[in-house]
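If you want the building blocks of each chain, they are given just below.
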Amino acid sequence: MKAKLSWATLHSLLHSEKIAYRQNGYTWLGDLLIAEITEGRDMNVCSNVEELQRKIAYAGVHDSSVSSDVPLSIWLMCGLLKSKHNIIRWGFLFVLERLLMRCKFLLDKNEMQHPRSSNASQKHADSRLEKANAVIDIMSSALSLVAQINETDRINILKMCGILLSQLCLKVLAATTIPNGEGVQKSKVCGGADENKKNDTSDGISQLNDFRWNEFMEEADSRSSYSINSSLMCKTASMAAMLLQGQAIVPMQLVARVPAALFYWPLIQLAGAATDNIALGVAVVSKGRGNLPGAASDIRATLLLLLIGKCTADPSAFQEVGGEEFFRELLDDTDSRVAYYSSAFLLKRMMTEKPDEYKHMLQNLIFKAQQVRLYLCLK
């Protein structure tokens with residue numbers, strides 16, 4: 001009876017109208033979820049994190065009345081998404097964000113308690129990648145549940161994107177950034193055109209070498225409607241703004257583990273939010289036209305870049321989003337960066353996969369341009 005009363009109390013706190021009660025419920029629920037890792041049957045923390053991910057994925061698509069090994073704490077967490085109140089559903093994302101942070105801490109702590117020998121650098125690199133994959137997998141399973149319920153609240157979708165980007169992006173510290181013009185090649189992972197970063201082979205994270213982001217990011221950077229001091233950006237801007245400005249990178253091995261839906265679903269859902277921001281900026285004669293660093297426009301541009309990277313490396317992801325038709329529809333997007341990135345991606349695909357058709361279309365375009373120029377000269 002005491003146990004039932006405790007679970008009922010926790011449920012009441014999580015669904016309370018008072019924010020203080022909900023905050024206490026989040027803390028309590030977070031402790032119970034972490035206990036599933038620290039007190040799991042397996043001594044391997046990484047294995048316990050993977051088991052937690054499996055149970056979250058199961059609870060998201062099954063009813064709690066079905067007999068299973070899923071603990072009540074996970075049922076309560078997933079139950080937050082079934083609420084009709086958006087602020088309660090936001091609690092799911094809040095708990096998830098804290099859970100991911102504590103999972104990272106536990107994985108790092110576990111590694112420190114098992115010191116490696118001096119000649120075990122490769123094993124250390126594999127361990128780091130395994131830890132990153134474990135956290136990315138649990139995040140992907142949880143955020144996929146948000147997409148499955150077709151969340152409509154913009155605040156919740158933005159929160160979801162914030163969690164996604166914070167787990168995928170790595171900041172490029174000013175102390176490790178090599179100035180331009182010193183013979184350092186530009187990074188070929190997702191990032192800004194002006195990004196330079198020292199290669200660290202010990203990280204065990206490979207880069208995507210067959211897709212050159214900097215080729216079409218350069219013009220995009222020049223089109224940016226705002227200019228911000230680099231040191232200030234690192235301290236205040238979101239991961240989306242930092243990535244677009246070349247002050248953060250995304251390892252493509254992590255992107256490969258994220259379902260394509262987590263990139264294209266919020267990209268479509270936030271289209272209206274980005275349009276409203278731009279319209280508001282025009283209305284108040286804003287110099288940045290409503291495109292604040294890290295706002296919906298930056299997030300959509302970042303999601304599209306990550307989706308392009310995933311579709312380039314994984315043909316099945318390209319088909320999953322709808323293939324060429326999906327990116328053609330984005331050509332009419334009201335956000336100029338989204339339209340530009342989509343057109344650049346389609347052109348590069350045509351250049352590599354349909355070179356004859358590309359050449360023919362280019363010749364026709366040049367011919368029409370010459371005709372227009374001649375007409376204007378005669379006029």
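Our structure is the block above this text.
Note that the structure is predicted; figures quoted are calculated from it, not measured. (Residues numbered from 1 in each chain as written. Predicted model: local features only at pLDDT ≥ 70, side-chain atom pairs only at ≥ 80, totals over all residues. Heavy atoms only, no water.)

(A) View of the packing of aromatic side chains. Summed over all chains, the structure comprises nine aromatic pairs. Here the aromatic rings of Tyr264 and Phe326 are separated by 6.2 Å at their centres, their planes lie at 65 degrees, and the arrangement is edge-to-face. Taken as a pair, Tyr264 in helix α12 (residues 261–269) and Phe326 in helix α16 (residues 324–329) lie far apart in primary sequence, 62 residues in all. Judged by relative accessible area, Tyr264 falls into the partly exposed class, the value being 22%. We classify Phe326 as buried; its relative accessible area is 9%. Ring centres 6.0 Å apart and planes at 55 degrees place the aromatic pair Tyr340 and Tyr341 in the tilted group. When its relative accessible area of 15% is taken as the criterion, Tyr340 is described as buried. Overall, Tyr341 belongs to the buried group, its relative accessible area being 2%. Aromatic ring contacts, followed pair by pair, group Tyr264, Phe318, Phe326, Phe327 and Phe345 into a single cluster. Positioned above the aromatic ring of Phe318 is the side chain of Arg349, whose terminal nitrogen or guanidinium carbon lies 3.8 Å from the ring centre. (Phe/Tyr/Trp six-rings, centres within 6.5 Å; stacked < 30°, edge-to-face > 60°. Helix = DSSP H or I, 4+ residues; strand = E, 2+ residues; numbered from the N terminus. Buried < 20%, exposed > 50% of the residue type's maximum accessible area, 1.4 Å probe, protein only. Lys NZ or Arg CZ within 6 Å of the ring centre and 35° of its normal.)

(B) Examining the packing of helix α5 (residues 86–112) against helix α7 (residues 154–168) more closely. Between α5 and α7, whose axes approach to 10 Å, the crossing angle comes to 10 degrees. One way to sum up the angle between α5 and α7 is to call them roughly parallel. In contact with Asn86, Arg89, Trp90, Leu93, Glu97, Arg98, Leu100 and Lys104 of α5, α7 contributes Asn156, Lys159, Met160, Ile163 and Gln167. (Axes fitted to C-alpha atoms, helices over the stretch in contact; angles between N-to-C directions. Parallel < 35°, antiparallel > 145°, perpendicular 65-115°, else oblique. Contact = heavy atoms within 4.5 Å.)

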